[in-house]
Amino acid sequence: MRILKLANLLLLSCFVMQMSELRAQSKVTLSKNEAGFQLVRNGQPFSVKGVGCEGRFDNLPAAGGNSIRTWASQNLGEVLDKAQKHGLTVCAGLWMGHQRHGFDYQNQEAVLKQLDEKLAIVRKHKDHPALLLWGVGNEMEGEGRDPSVWYAVNHLAREIKRIDPNHPTMTVIAELGASESKVKSIERFCPDVDIVGINAYGGIESVGKRFREAGGTKPYIVTEHGPLGPWEVGKTSWGSPLEWTSTEKAAWYAKGYRLNAVANADLCLGTYAFLWGHKQETSATWFGMLLPDGTKLGAVDSLSRMWTGKVFENLCPEITKLHVSRGTTIKPGGSFEATVWASDPDDDKLRYVWVLRSDAGTIGEGGAPQEQESQFKNAVRGTGSKVTVTMPEGGGGYRLFAYVYDDQGGAAVANVSVRVNAPIELKQEMAASKLPYAVYGESEQSVFIPSGYMGNAEAITMDLNCSEDPYSGKTCLKASYKAGASWGGVLWQSPAEDWDGKLPGGANLTGATHLEFWARGDVGGETVNFVFGVLDGNQPYRD
């Protein structure tokens, strides 16, 4: 009996030790030797084989991925726990204010408040075993020439290193900037930033070479890479960006990893591909490596091969061509035939799904949220590789999508932009938004952006995360006008900067009866006008 108790005690002790080891803080360092820079995690070399992800990633380890990147810290604890469960690491993003969104890096009070908020997050999560490194901001630098932004970045990085010496710091920029000015600024103003994160799409082939030529001495990680962005490709005669097939994208994903994590391994610590999931950005399929139901696209296959050196047992279908029979400008209600040429590496039987959607032709700014495009359910006749499409009566741009499934967990997708030559009708089948709809809130992903600065715009500053006695929640919006005369204002627009009502956007607010907000002045006596709707008349997309 005594032996049994001792065995139970030993078993319990072993279990407690194992749980303690699982929860032990990870230690990540940056080393340098003759071969170059290297991340070392818990004593072992670590090369980032990662993806940007805001949702499901439990299927990432099977593809050979080892890390995810977040942009902000909402639900960071849950993300870290889930990553640990699946053997993944996390580059934890600390979102910093963007000047184009109204954040003023000359405002010491706002900058210090931001610093305190981010450091509270660091203190809370620094001991989590899944933590890999801290991502200090994302594309907050603008053109990269404002020292006040870099001072704030370095201040945050310095304080993070003081609180958490066990995880490196990284700041993330949008490409390298004109004359690679961003790299020069980081080298000059940010000694406490350990790693440079670079979001690169069209420039992915040469980013390593250009980083060196700009004088970059720190190691770098490609923090976003994928197909050419909609701002980098050719366009139709009516301005709609031309999207690659998923097969073409797959090759580009692999190339991005190979030319950086492999060819520039002395400086590049790895990459985070964008995006492990799906997202409406310019189109329904531009950046997603997965379809909404979790079906993988070719990018997953190609990256998995780069990460592991092995090939999936079953590969995604491949699309060679998508063709329409009558050109891309169609009469109202006109019909045409569409054909997609596809094959499957494993000779699986293919299933075809065709979808016609409206096409806003809108290129989002900084990855801002967009509503899903309207879908026209009865426009396509047929289910095979060749179908007949009947266009709506309403004019404007549309995209015809061809989805090809192998029903083994893989798919391919391509689309073609077409246009109906007629006046635009606004009777589109945009899904109604859930009410109440938060135009501005702490966690909601609103499509409306405070981008329309008017009047004396230089005198306006806005803190979108002010904590000074909010009406509800933890934060509120603080707007300041620092001039004694004239006037200034800000419009919340969708899409951003659409002053003429020429671009589709917004949300379907059917059923909404009023706009509700609370406001107070600083000292009293302020004169403020609140306006709902400014575009009317003959604009195709008026309010």
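Since this is a predicted model, take the numbers as computed values, not measurements.

*Asks:* Lay out the overall build of the protein in plain terms, naming residues and giving numbers.
*Replies:* Looking only at helices and strands, one finds nine helices and 24 strands in the protein. For a compact globule of 543 residues, the expected C-alpha radius of gyration is about 24 Å, and the protein comes in at 25 Å, within 12% of that figure. If you line up the protein on its principal axes, its C-alpha atoms span 80 × 75 × 60 Å. Looking at the protein as a whole, 49% of its 543 residues qualify as buried. Counted over contacts in the protein with a minimum sequence separation of 6, partners at least 24 positions apart contribute 69%.

*Asks:* How would you sum up the packing of aromatic side chains? Please name residues and give values.
*Replies:* Evaluated as defined, the whole model comprises 17 aromatic pairs. For the pair Tyr 151 and Phe 189, a centre-to-centre distance of 5.4 Å together with 75° between the ring planes defines the contact as edge-to-face. Taken together, the residues Tyr 151 in helix H5 (residues 147–163) and Phe 189 in helix H6 (residues 181–189) connect sequence positions 38 residues apart. Judged by centre distance (5.7 Å) and plane angle (85°), the ring pair of Tyr 201 and Trp 231 falls under edge-to-face. On the criterion of sequence distance, the pair formed by Tyr 201 in the loop between strand S9 (195–199) and helix H7 (207–213) and Trp 231 in the loop between strand S10 (220–225) and helix H8 (246–262) is long-range, its members being 30 residues apart. Taking relative accessible area as the criterion, Tyr 201 reaches 6% and is therefore assigned buried.

*Asks:* Pulling in residues and values, what's your account of the packing of H5 against H6?
*Replies:* Between H5 and H6, whose axes approach to 10 Å, the crossing angle comes to 50°. With respect to H6, the element H5 is oriented oblique. For the pair H5 and H6, the crossing hand works out as right-handed. Contact with H5, carried on its side by Pro 147, Trp 150, Tyr 151 and Asn 154, involves Lys 182, Ser 185, Ile 186 and Phe 189 of H6 and no other residues of that element. Here the residues of the contact of H5 with H6 are counted per class, giving five nonpolar, two polar and one charged.

*Asks:* Talk me through the pattern of salt bridges; I want residue IDs and the actual numbers.
*Replies:* Within the structure shown, the criterion is met by 21 salt bridges. For Lys 113, the salt bridge goes to Glu 117, with nearest N and O atoms at 2.6 Å. Here Lys 113 pairs with Glu 117, and both are found in helix H4 (residues 108–125), just four residues apart, close to one helical turn. Taking the relative accessible area as the measure of exposure, Lys 113 reaches 17% and is therefore buried. One salt bridge in this structure joins Lys 478 and Glu 468, with 3.2 Å as the shortest N-O distance. Of this pair, Lys 478 sits in strand S23 (residues 476–481) while Glu 468 sits in the loop between strand S22 (460–466) and S23, and the two are ten residues apart along the sequence.

*Asks:* Account for the confidence of the model for the protein, with residues named and values stated.
*Replies:* Chain-level statistics for the protein give a pLDDT mean of 88 and a share of 90% at 70 or above. Every residue in residues 1–22 scores below 50 in pLDDT, and together they form two contacts with partners more than four places removed in sequence or on other chains.

*Asks:* I'd like a description of the sheet that holds strand S1 (residues 28–33), backed by residues and values.
*Replies:* As summarised here, the arrangement of the three strands in space is S1-S2-S3, forming an open sheet in which the pairing is antiparallel. Edge positions in the sheet fall to S1 and strand S3 (44–46), since each has one partner strand and no second. Each strand of the sheet is rotated relative to its neighbour by a mean of 45°, with strand direction disregarded. Of the pairings in the sheet, the one linking strand S2 (residues 36–41) to S3 comprises three bridges and is antiparallel in character. Opposite Leu 39, over in S3, you have Phe 46 as the bridge partner.

*Asks:* Any details on the sheet that holds S9? Residues and values, ideally.
*Replies:* Taken together, the eight strands give a closed barrel; going around it, the order is S4-S5-S6-S7-S8-S9-S10-S11, and neighbouring strands pair in parallel fashion. Averaged over neighbouring strand pairs, the angle between their axes works out to 25° when direction is ignored. Pairing between strand S8 (residues 169–174) and S9: five bridges, direction parallel. Paired with Met 170 across the bridge in S9 is Ile 195. This element, H4, spans strand S6 (89–94) and strand S7 (131–138) of the sheet and lies at about 170° to S7. Set on the sheet, H5 makes contact with S6, S7 and S8; between it and S8 the angle comes to about 155°.

*Asks:* Hey, could you go over the environment of Gly 396 for me, with residue numbers and the actual values?
*Replies:* Mapped onto the elements of the fold, Gly 396 is located in strand S19 (residues 396–405). For Gly 396, a relative accessible area of 13% corresponds to the buried category. Separated by 37 residues in sequence, Gly 396 and Asp 359 place their C-alpha atoms 7.9 Å apart. Apart from residues lying up to four places away in sequence, Gly 396 is in contact with Val 418, Arg 419, Val 420, Ala 422 and Ile 424.

*Asks:* Lay out unusual backbone geometry with the relevant residues and their values.
*Replies:* Going from Phe 274 to Leu 275, the amide bond is cis rather than trans, its omega being 10°. Within the secondary structure layout, Leu 275 lies in the loop between strand S11 (268–273) and helix H9 (298–308). Cis geometry is found at the peptide bond from Leu 435 to Pro 436, where omega equals 0°. We note that Asp 469 has phi near 50°; this positive angle belongs to a residue other than glycine. The exposure class of Asp 469 is exposed, given its relative accessible area of 59%.

*Asks:* Explain a nonpolar patch on the surface residue by residue, including any values.
*Replies:* Nonpolar side chains collect at one region of the surface, where Leu 515, Phe 517, Val 528, Phe 530 and Phe 532 lie side by side and expose about 590 Å² of accessible area between them. By secondary structure assignment, the location of Leu 515 is in the segment after strand S24 (488–493).

What counts, and at which threshold
Residues numbered from 1 in each chain as written. Predicted model: local features only at pLDDT ≥ 70, side-chain atom pairs only at ≥ 80, totals over all residues. Heavy atoms only, no water. Helix = DSSP H or I, 4+ residues; strand = E, 2+ residues; numbered from the N terminus. Rg over C-alpha atoms; globule rule 2.2 N^0.38 Å. Buried < 20%, exposed > 50% of the residue type's maximum accessible area, 1.4 Å probe, protein only. Contact = heavy atoms within 4.5 Å. Phe/Tyr/Trp six-rings, centres within 6.5 Å; stacked < 30°, edge-to-face > 60°. Axes fitted to C-alpha atoms, helices over the stretch in contact; angles between N-to-C directions. Parallel < 35°, antiparallel > 145°, perpendicular 65-115°, else oblique. Left-handed = near helix turned anticlockwise from the far one by under 90°. Nonpolar A, V, L, I, M, F, W, Y, C, P; charged D, E, K, R; others polar. Salt bridge = Lys/Arg side-chain N within 4 Å of Asp/Glu carboxyl O. pLDDT = per-residue confidence, 0-100. Pairing = 2+ DSSP bridges. Patch = residues over 30% accessible without salt bridge, like charges linked within 9 Å, V, L, I, M, F, W, Y side chains within 5 Å. Areas by Shrake-Rupley, 256 points an atom, 1.4 Å probe, with all protein chains shown as cover.

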